[in-house]
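Here is what each chain is made of, one letter per residue.
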Amino acid sequence: MSSFIKGDAEYYKKLWHSASHVLADAVKELFPEAKLGIGPAAKIGFYYDFDVKRPFTEDDLRKIEVKMKEIISRNLKFEKEEVKKSEAKRLFKDEPYKLELIEEIEGQLTIYKHGKFVDLCKGPHIESTSEIKAFKLLRVAGAYWRGSEKNQMLQRIYGIAFPSIDELNAYLKHVEEVGERNHITIGKELEIFSQHEEAPGFPFFLPKGTIIWDEIISFWKDLHRKENYNFVMTPIILSKSLWVMSGHWDHYRKNMYFTEIDDRSFAVKPMNCPGHILIYKEKRRSYKELPIKFAELGIVHRHERSGVLHGLFRVRKFTQDDAHIFCTEEQLKEEIKKIILLTKKIYSAFGFSDYEIELSTRPENSMGSEEQWAQATNSLKDALRDLGLSYKIREGEGAFYGPKIDFHIKDSLEREWQCATIQVDFSMPEKFGLFYIGADDKKHRPVMIHRAILGSIERFMGVLIEHYAGALPTWLSPVQVRVIPISDKNNNYAKKIVDLLKGQGIRANADYGKETLSKKILSAQLEKIPYMLILGDLEEKNSTVTLRSRSGAIKKNLLFDDFTNSLKNEIRERCPDLSIK
RNA sequence: GCCUCGGUAGCAUAGCGGCAAUGCAGCUGACUUGUAAUCAGCAGAUCGUGGGUUCGAAUCCCACCCGAGGCUCCA
């Protein structure tokens, strides 16, 4: 997103914040009864919240835009003024939301004026409304007052503004491109996954999607085997008593599904940790065994509220590439570092080199002692520091059992997706009475690390689809080669080539249809197939193939073995970029 | 869960009180093709579900289901 800011980021913030004041001014002129909420600059663009009797329509937005243009053309100066609390209360006597804010603000209150419009505001702002050369109101959405669902819901108008028309157009083009890359649309077109009314939040994976899924997983397993993870499989339904003991009943019940079997209460697992803990407890563990790493592609179910469901990004059933590492406190930092390095390795194979790291600390509703939390948080910080990685801190955003590091992948459109999570946990081992026998022949408490790298395979696939706009790297493509005979005279040769490719483990098929060559190329192109082999009389006579890649590059009269050798190499090396030019 | 918008053939859309339409995909036939759409024909829809208003409902009203974009929450 930052690529839309040319030069001084602070200037854009000022511009957007000022545009939000102009928006509020226009709304007050057109809808005098509207009450003002707040209207800051967003990450990109701006918004303003209003309490109105009737929600804004598309039509209203267009009218507001016209009014905004008029206000901008008045070339009004933004003027700052310091006011006393009593004066502020008088100025905003008809604005209940502003009054609420005024009551709470300590110290100097400031207001900003342009023309007749006055807003409670710290600023800063641009000099004059005329600096807003290009803007657009994008959409209207509900938003809770002060972000709490206990409060009144206000109508939020989102907009964008730039110092030039060209920048606005570039941004709008970007928004359009993001829309075209939407994984739900692409997933349907390319027959990767589907959604059904009968299963809200439970996506179906179609044959092509399942191929991608299997490729991701087999790659993931290979790397984990090398890192000494032990794969396990634990049940999806486990006794409720287990979840009471783990603390999930107290802290996570509202997200869980429950069921009865033979008059006994069971829960559908929302996480895999208790299952792995049961395996750990199956026998006495020695310090010599540690660290013990149990990995599972764990299928979890979480009752997410209906309004949050979204394609593959937010679902009610998903597969975590989960693992739990039981280790000593001394091993903790090194184990965290190993996980971070593994994460980087896996991400780079998928073409992600850019990510943000966040460290989340103790939340309100949590278990464990202050000391344990401090120790766990420090081990995460130390590991990040040792690897020279910078991170942001999110206060109070940790899991209920421990602090965590999250990786947010940046995709090719510079949007961020939370995928990997590494969580340190001292409390679960205590709750379950886990121990190992140390060199001193005494019982010691192990530390537990919960970690997932892709996060949810479902979400990760969604991210991949959008990152590549459906044109996945060859190793992940459901169909790697489409063989196209030019006329049906060449069908036999095509079949022979397909069989040879399949024999070498390459996913290939042929288009024996009666359509023209152009038409067949178009349909392979729309299916985002990396390579096409065009076979006509010429190729058949010379026993060669003509290659067309989805980038449009053409190589004529290629020896079949030369093609397969380079293709197999591309697949084996998991080259992420060769075919997406 | 809350707010806004939407749901019409496999897909993408039009129609918004009076015979359900167009493109792509599908099927059939002709064409036998040299690098992003050959031509012609055919078939395909109880217009998300249920109820109501009306002589008449895809269209208006109510309820529910599902989806999209947000808020809150989150892998």
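All figures in this text were calculated on a predicted structure; none of them were measured in a lab. (Residues numbered from 1 in each chain as written. Chains lettered and ligands numbered in written order. Predicted model: local features only at pLDDT ≥ 70, side-chain atom pairs only at ≥ 80, totals over all residues. Heavy atoms only, no water.)

### Concerning the packing of helix α1 (residues 9-30) against helix α2 (residues 58-73)
Packing of α1 against α2 brings their axes to within 9 Å, and their N-to-C directions diverge by 115°. One finds that α1 runs roughly perpendicular with respect to α2. The two elements α1 and α2 meet at a crossing, and its hand is right-handed. In this structure, α1 contributes Ala19, Val22, Leu23, Asp25, Ala26, Val27, Glu29 and Leu30 to the contact, and α2 contributes Lys63, Ile64, Lys67, Met68, Ile71 and Ile72. Classifying every residue of the contact of α1 with α2 by side-chain character gives ten nonpolar, no polar and four charged. (Axes fitted to C-alpha atoms, helices over the stretch in contact; angles between N-to-C directions. Helix = DSSP H or I, 4+ residues; strand = E, 2+ residues; numbered from the N terminus. Parallel < 35°, antiparallel > 145°, perpendicular 65-115°, else oblique. Left-handed = near helix turned anticlockwise from the far one by under 90°. Contact = heavy atoms within 4.5 Å. Nonpolar A, V, L, I, M, F, W, Y, C, P; charged D, E, K, R; others polar.)

### What about the packing of aromatic side chains?
Across all of its chains, the model carries 28 aromatic pairs by this definition. Ring geometry for Tyr347 against Phe407: centres 6.2 Å apart, planes inclined by 75°, an arrangement best described as edge-to-face. Here the residue Tyr347 occupies a position in helix α11 (residues 329-349), and Phe407 occupies one in strand β18 (residues 404-410), the gap between them amounting to 60 residues. The same class applies to Tyr347 as to Phe407, namely buried. Between the aromatic rings of Phe352 and Phe460, the centroid separation amounts to 5.9 Å while the plane-to-plane angle is 75°, which identifies the pairing as edge-to-face. Placement of Phe352 in the loop between α11 and β16 (355-360) and of Phe460 in helix α14 (residues 457-467) is noted, with a sequence separation of 108 residues between them. Phe460 shares its class with Phe352; the two are buried. (Phe/Tyr/Trp six-rings, centres within 6.5 Å; stacked < 30°, edge-to-face > 60°. Buried < 20%, exposed > 50% of the residue type's maximum accessible area, 1.4 Å probe, protein only.)

### Remarks on the domain arrangement of chain A
What the domain assignment lists for chain A is domain 1 (2-173), domain 2 (188-467) and domain 3 (481-572). Spacing between the C-alpha centres of domain 2 and domain 3 amounts to 42 Å. The partner domain 3 presents four residues to the four residues of domain 2 that form the contact. When the two sides are added together, the surface that domain 2 and domain 3 hide from each other amounts to roughly 290 Å², 56% of it contributed by carbon and sulfur. Looking at the side of domain 2 facing domain 3, the largest losses of area belong to Leu190, Ile211 and Glu215, adding up to 85% of the total buried there. Where domain 2 touches domain 3, the interface holds two salt bridges. Scanning the region where domain 2 abuts domain 3 turns up one residue pair in polar contact (both at pLDDT 80 or more). Among the residues forming the side of domain 2 that touches domain 3, the class breakdown is two nonpolar, no polar and two charged. (Domains from an automatic or database assignment. Buried area = accessible area lost by both parts, 1.4 Å probe. Salt bridge = Lys/Arg side-chain N within 4 Å of Asp/Glu carboxyl O. Polar contact = N/O pair within 3.5 Å; in protein donor to acceptor, adjacent residues only side chain to side chain.)

### Details of the protein's contact with RNA strand B
Every one of the 58 residues lining RNA strand B counts as a neighbour, but Tyr144, Arg314, Gln418, Lys514 and Glu539 are closest to it. Protein-proximal atoms of RNA strand B, defined as those within 4 Å of the protein, fall in sugar or phosphate at a share of 50%. With respect to RNA strand B, the backbone of Gly311 contributes an N or O atom lying 3.2 Å from a phosphate oxygen. Here a base oxygen of RNA strand B and a side-chain polar atom of Arg314 are 2.5 Å apart. Those elements that provide at least two residues to the surface near RNA strand B are β6 (134-144), β7 (153-162), α6 (183-189), β19 (416-425), β22 (447-456), α16 (517-526), α17 (537-542) and β26 (545-549). Considering every element that reaches the surface near RNA strand B, the biggest residue donor is α16, with six residues. (Near = heavy atom within 4 Å.)

### Some words on the sheet that holds strand β27 (residues 554-558)
Two pairing modes exist for strands in a sheet, parallel and antiparallel, and in both the strands are linked by backbone hydrogen bonds. The sheet built from five strands is open, its strands ordered β24-β23-β25-β26-β27 with mixed pairing. Each edge of the sheet is formed by a strand with only one pairing partner; in this case those strands are β24 (508-510) and β27. Averaged over all adjacent pairs, the angle separating strand axes in this sheet is 25°, with direction ignored. Pairing of β26 with β27, which is carried by three bridges, proceeds in the antiparallel orientation. (Pairing = 2+ DSSP bridges.)

### Let's talk about the side chain of Thr564
With respect to the helices, strands and loops of the structure, Thr564 is situated in helix α18 (residues 560-572). In this structure Thr564 comes out as buried when scored by relative accessible area, which is 1%. Ignoring any residue separated from it by four or fewer positions in sequence, one finds Thr564 in contact with Leu501, Gln504 and Ile506.

### Details of the sheet that holds strand β5 (residues 117-120)
Strand order in the open sheet made by the three strands is β3-β4-β5, with antiparallel pairing throughout. Either end of the sheet is taken by a strand with one partner, and the two such strands are β3 (79-83) and β5. Ignoring strand direction, the axes of neighbouring strands in this sheet form an average angle of 30°.

### A look at the packing of helix α7 (residues 207-226) against α14
A pair of packed helices is captured by two measures, namely the crossing angle of their axes and the spacing between those axes. Look at α7 against α14: their axes get within 11 Å of each other, and the N-to-C directions meet at 110°. When the axis of α7 is compared with that of α14, the two are roughly perpendicular. Counted together, Gly209, Ile212, Trp213 and Ile216 of α7 and Ile457, Glu458, Met461 and Leu464 of α14 form the full contact between these two elements. Broken down by class, the residue content of the contact of α7 with α14 amounts to six nonpolar, one polar and one charged.

### A few points about the pairing of strand β14 (residues 292-301)
Counting buried residues in β14 gives eight out of ten residues, a clear majority hidden from the surface. With two bridges connecting them, strand β10 (residues 230-231) and β14 associate as parallel partners. Paired with Phe231 across the two strands is Ala295, which belongs to β14. Across ten bridges, β14 lies against strand β15 (residues 317-327) in antiparallel orientation. Bridge pairing in β15 places Ala295 opposite Ala323.

### What about α18?
The first and last C-alpha atoms of α18 sit 18 Å apart over 13 residues, in line with the 18 Å expected at 1.5 Å per residue. Along α18, the residues classified as buried are Phe560, Phe563, Thr564, Leu567, Glu570 and Ile571. One side of α18 holds all its buried residues, which, seen down the axis, span an arc of 125°. Of the surrounding elements, those touching the buried residues of α18 are β23 (481-485), α15 (491-503), β25 (531-535), β26 and β27. (Expected span 1.5 Å × (residues − 1). Arc of directions from axis to C-beta.)

### Overview of the side chain of Thr546
Along the chain, Thr546 falls in strand β26. At a separation of 2.5 Å, a polar atom in the side chain of Thr546 contacts the side chain of Glu539. Setting aside its immediate chain neighbours within four residues, Thr546 contacts Met532, Leu533, Ile534, Glu539, Ile554, Lys555, Lys556 and Asn557.

### Focus: the pattern of salt bridges
Counting across every chain of the model gives 39 salt bridges. With a shortest N-O distance of 2.9 Å, Lys89 and Glu103 are connected by a salt bridge. Taken together, the residues Lys89 in helix α3 (residues 85-91) and Glu103 in helix α4 (residues 96-104) connect sequence positions 14 residues apart. Two residues, Arg146 and Glu104, come together in a salt bridge whose shortest N-O distance is 2.9 Å.

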